[in-house]
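# Fold and geometry: a report
Listed below are the residues making up each chain.
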Amino acid sequence: MSPDSLPPGSVRSAAEVNEQIRTLWMRADGTLSAEERAEYELLVIEWAAAIRGQVIEAA
């Protein structure tokens, strides 16, 4: 599911998503498979949405 299609307020914090990204890289030992790459791309999109949300809240 795309982070843009999540209902408002259900986006995880940037720190939570960042931790999942770190875990994915550790688990993959630095080389992502095609499936892991797709997961990574979705996580980066979700992380960016979380960062945007934090910036908007701060404003």
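Structural data are supplied above this passage.
Residues numbered from 1 in each chain as written. Predicted model: local features only at pLDDT ≥ 70, side-chain atom pairs only at ≥ 80, totals over all residues. Heavy atoms only, no water.

Scanning the protein chain from terminus to terminus reveals two helices and zero strands. By the burial criterion, 20% of the 59 residues in the protein chain qualify as buried. Intrachain contacts of the protein chain at a sequence separation of at least 6 include 55% that bridge at least 24 residues. Roughly 4,300 Å² of accessible area belongs to the protein chain as shown, and the carbon and sulfur atoms make up 58% of that amount. (Helix = DSSP H or I, 4+ residues; strand = E, 2+ residues; numbered from the N terminus. Buried < 20%, exposed > 50% of the residue type's maximum accessible area, 1.4 Å probe, protein only. Contact = heavy atoms within 4.5 Å. Areas by Shrake-Rupley, 256 points an atom, 1.4 Å probe, with all protein chains shown as cover.)

Taken as a whole, this structure holds one aromatic pair when the rule is applied. When the ring of Trp-25 is compared with that of Tyr-40, the centres are 5.5 Å apart and the planes differ by 80 degrees; the resulting orientation is edge-to-face. Here Tyr-40 lies in helix H2 (residues 34-58) and Trp-25 lies in helix H1 (residues 14-28), a separation of 15 residues in the sequence. The exposure class of Trp-25 is partly exposed, given its relative accessible area of 28%. (Phe/Tyr/Trp six-rings, centres within 6.5 Å; stacked < 30°, edge-to-face > 60°.)

The next thing to look at is the nonpolar core. Among the nonpolar cores identified, the biggest contains six residues, and these are Val-17, Ile-21, Leu-24, Ala-28, Leu-32 and Leu-43. Here this core takes four residues from H1, the largest share from any one element. (Core = buried A, V, L, I, M, F, W, Y, C linked by side-chain atoms within 4.5 Å.)

Moving on to unusual backbone geometry. Positive phi outside glycine occurs at Asp-29, with the angle close to 55 degrees. Here Asp-29 lies in the loop between H1 and H2. The exposure class of Asp-29 is exposed, given its relative accessible area of 69%.

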